Amino acid sequence: MVALFVVKHAKKWYLRRKKVKKMLLKRGILQKILILLRVFLMDGKEAYVLLDEPENSLDISWQYELINTLVKINPNAQYFITTHSPSIFGDGWGDKIIYMEDITAK
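We now turn to the structure provided with this report. Per chain, residue numbering runs from 1 following the sequence as it is written. Note on the predicted model: pLDDT of at least 70 is required for a residue's local features to be given, and 80 or more for side-chain atom pairs to be given and counted; whole-chain, interface and lining totals, by contrast, use all residues. With hydrogens and water excluded, all non-hydrogen atoms of the structure serve as input to the side-chain values.

Our next topic: the pairing of strand β3 (residues 47-52). Judged from the 6 bridges that link them, β3 and strand β4 (residues 77-82) form a sheet pairing that is parallel. Directly across from Val49, in β4, lies its bridge partner Tyr79. What joins β3 to β4 is helix α2 (residues 60-73), and the crossover it makes is right-handed. Only strands that DSSP links by at least two bridges are regarded as paired with each other. Secondary structure elements follow DSSP: runs of H or I of four or more residues count as helices, runs of E of two or more count as strands, with numbering from the N terminus. With the strands pointing away from the viewer, any crossover whose connection runs clockwise from the first strand over the helix to the second is right-handed.

Have a look at this one:
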């Protein structure tokens, strides 16, 4: 089996392929890797990233760091996230939240 690894070296991110015998990942770890890998492969280009309830299967500590990590990997993207978990917005993102009832017609 060939696995893909995202590694940071000298302040740059690289994608590495490595042959492994067996790789068992919990669903939450796999989900985080897939989200980060997709953002990483955008190569810093402007993009819209839509995430629907990314907190599913993610440990609470990962929920807190998800947005910060995504923005570090690609600061040029705009992130649209639907969630039921306030933990996703962690520390410092509360002023960026837009509630659907504030923008829909009544």
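Here we take up a nonpolar patch on the surface. The patch calculation keeps residues exceeding 30% relative accessible area without a salt bridge and links them within 9 Å when they carry like charges or within 5 Å when they are nonpolar (Val, Leu, Ile, Met, Phe, Trp, Tyr). Surface exposure here means Shrake-Rupley accessible area, sampled with a 1.4 Å probe, where a residue is shielded only by the protein chains that are shown. Salt bridge criterion: a side-chain nitrogen from Lys or Arg within 4 Å of a carboxyl oxygen from Asp or Glu. Together, Tyr48, Leu50 and Phe80 make up an exposed nonpolar region whose accessible area comes to about 400 Å². Note that Tyr48 resides in strand β3.

Residue placement: Leu58 occurs in the loop between β3 and α2. Assessed through its relative accessible area of 8%, Leu58 is described here as buried. Considered as a pair, Leu58 and Gln31 are 27 residues apart in the sequence and their alpha carbons are 7.6 Å apart. Burial here depends on accessible area, computed with a 1.4 Å probe over protein chains only, as a share of the maximum for the residue type. Under 20% is buried, over 50% is exposed, and the range in between is partly exposed.

Attention shifts here to the nonpolar core. Here, the term nonpolar core denotes a set of buried Ala, Val, Leu, Ile, Met, Phe, Trp, Tyr and Cys residues that are joined through side-chain atoms within 4.5 Å. Leu70 and Tyr79 are the most contacted members of the largest nonpolar core, which totals 17 residues. Counting residues per element, the ones that place at least two in this core are α1 (27-40), β3, α2 and β4. Here this core takes 5 residues from α1, the largest share from any one element. Residue contacts are counted whenever heavy atoms from the two residues lie within 4.5 Å of one another. Residues within four places of Leu70 in sequence aside, it is in contact with Ile35, Leu36, Val39, Leu51 and Tyr79.

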